[in-house]
Amino acid sequence: MKSIFRNVALLVSLLALTTPSSGQGFLKKLKDAANNTTEKMNTAVEKAGSASVGAAVPRASGPTYYVSRSGSNNNDGLSPSTAVKNIQKAIDLASEGSEIRVAEGNYFGLLNKGNIIIDKPLVIMGGYNADFSERDVLKYLTTIAPDDNSNGSSQGRGTIQIRSIEKPASTLVIDGFVFNKGNAIGYNLRGEGWPEGVETPFMMREGSKGQGGPDLENKEVYTQETYFIYFDGVAGKVNNLNVFVRNCTFVNGPNTTICGLLKGSLTVDNCAFINNRVTTMDVRGPDPNAITKVNFRNNTVLFVWSYTKDLQSQGFGFRFQPGTSCTLENNIIGLTIFAGLDRTHIDSDANREAKRHDAVKNNIFFLNRITDLTIPGGGMLTRVKVEDFDDVEAIAECSGNTSLTDPALFKGKIDEAYLNGFLSVSYKETTSYNPNSAANTFRSAMGMNMTGTMTSSVSMYFNRYPWQKALDVFGAVPGCGAQIPR
């Protein structure tokens, strides 16, 4: 973790031993990327070496509950031998401040309805083995992965719904889960936009029928464009507490990953966001007299798709929003359809806007398709590359950020077929208008507007990513981005 250059050099050496002469051009790109990386990279990773991936978070103050797929909801949940079988059941049983430990397996709500509602401060920890004697979040995988059968019974806008917790001094911790909606999404029935080696065709928008399920066996799947984590205020009661999301993986999310209104603070630490749509973060501060603090540290963000298949609308690694002060530090943000960061939303309240204090420090930006940062202006937004971040007045603190232009550091860590499809993604429209067609001749005679047709196609758009491969990004770049959880 002392220096990324030593790791790059080692990777070059190892690849040289295994790469045939025909692949030496690839090695040259890798060496050039390493040699051209500025002193800022060294500074970023040296500082990252002192970042504490295992930083302490508030501990539980109440009893501990246990959840296992082999448990029973008739149990009390207070010991490994009397575990309940659903996370939702444990939440309902637990008192404020309790800890919930979850064994490996897949969970998504009572009666498999696809939602988990959290309505009190808790510490919820995944990644335990079957008897709860050991915890390793990358070995004992605790997944929240609704399938296509849950779409008809799920409710609300979030897979996890944090609902109206008004406890300003309290804490909610979500730690060690793999979130995946890849099997609940409908993909194009005609097999369009399906690059070689990728698991599925492109995603169908909400309301359009597609094929889904693990093997695309269900031909009547309708995508629900839900968030993975949604701050859900019911009856005007906005969540007001301190939230920690740690050591989690978010993959194949059909909408913004973490979204909603929050008072208090949010810390997202050591997580992997792989193949999600719109943006990873869209959290806003609703209090006119206070600013919500957002800390986004030690995360890896790769493959963020636009809202629409024309590749024009959104597709940001992180969005700064009104009512918040955001600190982004030691992240890897890359392979976004539009920009790594978006800071285009300005608070209509000038006094509150003046209170925002955003910091962007020691991050690596990586093959973002259009630019690294967007800010207001320029018609199509002002586009800013990482080397010009310190010219942006809206960012109060900026240092140590750098970019890489070659994906070699992630060789073997990113699905190769998916990466190839993404790097060559394209969209096109074809229009057809014949004023002499029988239909238009009739419409003209009747005084009606004549019509034409337009067809569109995209080479790839939010296709399913192999979820287990997403776990490989932990520790892919020692000292920066998501690291192996401790």
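Note that the structure is a prediction, hence the values are computed from the model and not measured.

Reading guide: rules and limits
- Numbers given to residues run from 1 along each chain, matching the order in which its sequence is written.
- Local features in a predicted model are, by the rule used here, given only for residues with pLDDT of at least 70; side-chain atom pairs are given and counted only at 80 or more, and totals for whole chains, interfaces and linings are based on all residues.
- By convention in this description, side-chain values take in all heavy atoms of the structure and omit both hydrogens and water.
- Put simply, DSSP H or I for four residues or longer makes a helix, DSSP E for two residues or longer makes a strand, and each gets a number counted from the N terminus.
- Per-residue accessibility, obtained with a 1.4 Å probe over protein chains only, is compared with the maximum for each type, and a residue is labelled buried under 20%, exposed over 50%, and partly exposed between these values.
- Contacts were defined at the residue level, with two residues in contact if any of their heavy atoms lie within 4.5 Å.
- Calculation of accessible area relied on Shrake-Rupley with a 1.4 Å probe; when residues are assessed, cover is drawn exclusively from the protein chains displayed.
- Exposure above 30% relative accessible area and no salt bridge define the residues that can form patches, which grow by joining like charges within 9 Å and nonpolar side chains of Val, Leu, Ile, Met, Phe, Trp and Tyr within 5 Å.
- Each salt bridge in this description consists of a side-chain nitrogen of Lys or Arg and a carboxyl oxygen of Asp or Glu lying within 4 Å of one another.
- Counted as positive: Lys and Arg. Counted as negative: Asp and Glu, with His and the chain ends omitted from the count.
- Where a charge lies is defined by one atom per residue type: Lys uses NZ, Arg uses CZ, Asp uses CG and Glu uses CD.
- When DSSP finds two or more bridges between a pair of strands, those strands are recorded as paired.
- Angular values range over 0 to 180 degrees, each being the angle between N-to-C directions of two axes fitted as lines to C-alpha atoms, with helices fitted over their stretch in contact.
- Confidence scores per residue from the predictor, reported as pLDDT, run from 0 to 100.
- Remark: nonpolar core denotes a set of buried residues (Ala, Val, Leu, Ile, Met, Phe, Trp, Tyr, Cys) joined through side-chain atoms within 4.5 Å.
- Pairing of aromatic rings covers Phe, Tyr and Trp, the last through its six-membered ring, and needs centres within 6.5 Å; plane angles under 30 degrees mean stacked, over 60 mean edge-to-face, and all others mean tilted.

## Considerations on the overall build of the chain
Alright, step 1. Tallying secondary structure elements over the chain gives 8 helices and 32 strands in all.
Alright, step 2. With 486 residues in all, the chain has 54% of them scored as buried.
Alright, step 3. Counted over contacts in the chain with a minimum sequence separation of 6, partners at least 24 positions apart contribute 72%.
Alright, step 4. Carbon and sulfur atoms make up 49% of the accessible area of the chain, which amounts to about 19,900 Å² in all.

## As for the side chain of Ser265
Alright, step 1. Assignment of secondary structure puts Ser265 in strand β16 (residues 263–269).
Alright, step 2. Under the relative-accessibility criterion, Ser265 is labelled buried at 14%.
Alright, step 3. Sequence-distant contacts of Ser265, defined by excluding residues within four places in its chain, comprise Leu241, Asn242, Val243, Thr292 and Lys293.

## Focus on a negative patch on the surface
Alright, step 1. Where like charges cluster on the molecular surface, the negative patch consists of Glu387, Asp388, Asp390 and Asp391.
Alright, step 2. Among the structural elements, Asp390 can be located in the loop between β28 (382–384) and β29 (395–399).
Alright, step 3. Asp390 sits in the exposed class, given a relative accessible area of 53%.

## Describing the sheet that holds strand β21 (residues 316–319)
Alright, step 1. Judged by pairing direction, the sheet is mixed, and its 4 strands sit side by side in the order β21-β24-β27-β28 without closing on themselves. Strands with a single pairing partner mark the edges of an open sheet, and in this sheet they are β21 and β28. Ignoring which end each strand starts from, the neighbouring axes of this sheet average 25° apart.

## Quick word on the environment of Gly77
Alright, step 1. For Gly77, the position within the fold is in the loop between β1 (64–67) and α4 (87–93).
Alright, step 2. For Gly77, a relative accessible area of 0% translates into the label buried.
Alright, step 3. Residues Gly77 and Tyr66, 11 residues apart in the sequence, show an inter-C-alpha distance of 5.2 Å.
Alright, step 4. Residues within four places of Gly77 in sequence aside, it is in contact with Thr64, Tyr65, Tyr66, Thr82, Ala83 and Val84.

## A few points about unusual backbone geometry
Note: most peptide bonds trans; most residues except glycine with negative phi.
Alright, step 1. Non-glycine residue Val278 carries a positive phi angle of around 75°.
Alright, step 2. Positive phi, close to 65°, is recorded for Phe303, a residue that is not glycine.
Alright, step 3. Note that Phe303 resides in strand β20 (residues 300–305).

## Section: the confidence of the model for the chain
Alright, step 1. Averaged over every residue, the pLDDT of the chain is 86; residues scoring 70 or more account for 84%.
Alright, step 2. Predicted confidence for residues 1–54 stays below pLDDT 50, and this span has 74 contacts to residues more than four positions away or in other chains.

## Examining the environment of Thr402
Alright, step 1. Tracing the chain through its elements places Thr402 in strand β30 (residues 402–404).
Alright, step 2. Measuring from C-alpha to C-alpha, the distance between Thr402 and Ile332 comes to 9.9 Å, with 70 residues separating the pair along the chain.

## So, the pairing of strand β15 (residues 258–261)
Alright, step 1. The pairing of strand β12 (residues 227–232) with β15 spans 3 bridges and is parallel. Bridged to Tyr230 within β15 is Cys259.
Alright, step 2. Here 4 bridges tie β15 to strand β18 (residues 281–284), and the two strands are oriented parallel to one another. Paired with Ile258 across the two strands is Met281, which belongs to β18.

## Regarding the sheet that holds β12
Alright, step 1. The 5 strands are arranged β4-β7-β12-β15-β18 in an open sheet whose pairing can be described as parallel. Each having just a single partner strand, β4 (116–118) and β18 make up the two edges of the open sheet. Mean inter-strand twist for the sheet, computed between neighbouring axes without regard to direction, equals 15°.
Alright, step 2. As defined by bridge partners, β4 adjoins strand β7 (residues 158–163) across 3 bridges and the pair is classed as parallel. Across the sheet, Ile116 pairs through a bridge with Ile160, a residue of β7.

## Remarks on the nonpolar core
Alright, step 1. The biggest cluster of nonpolar side chains holds 67 residues, and the ones touching the most others in it are Ile100, Leu266 and Leu341.
Alright, step 2. Leave out the neighbours within four places in its chain, and Ile100 touches Tyr65, Val67, Ala90, Ile91, Ala94, Leu122, Val123, Ile124 and Met125.
Alright, step 3. Listed in part, the 40 residues of the second largest apolar core include Ile185, Val198, Met204 and Ile274.

## Side note on the packing of aromatic side chains
Alright, step 1. By the definition in use, this model includes 21 aromatic pairs.
Alright, step 2. Relative to Tyr465, the ring of Phe303 has its centre 5.7 Å away and its plane inclined at 40°; by these criteria the two rings are tilted. With Phe303 in strand β20 and Tyr465 in the loop between β32 (453–458) and α8 (467–470), this pair connects stretches of sequence that are 162 residues apart.
Alright, step 3. Classification of Phe303 by relative accessible area gives buried; the value is 0%.
Alright, step 4. Overall, Tyr465 belongs to the buried group, its relative accessible area being 2%.
Alright, step 5. Both rings, one in Tyr418 and one in Tyr465, keep their centres 5.1 Å apart while their planes meet at 70°; by these two values the pair is edge-to-face. Placement of the pair is Tyr418 in helix α6 (residues 416–423) and Tyr465 in the loop between β32 and α8, with a sequence separation of 47 residues.
Alright, step 6. You can call Tyr418 buried: its relative accessible area is 0%.
Alright, step 7. Ring pairing ties together the aromatic residues Phe177, Phe179, Phe228, Phe250, Phe273, Phe296, Phe318 and Phe320, which thus form one cluster.

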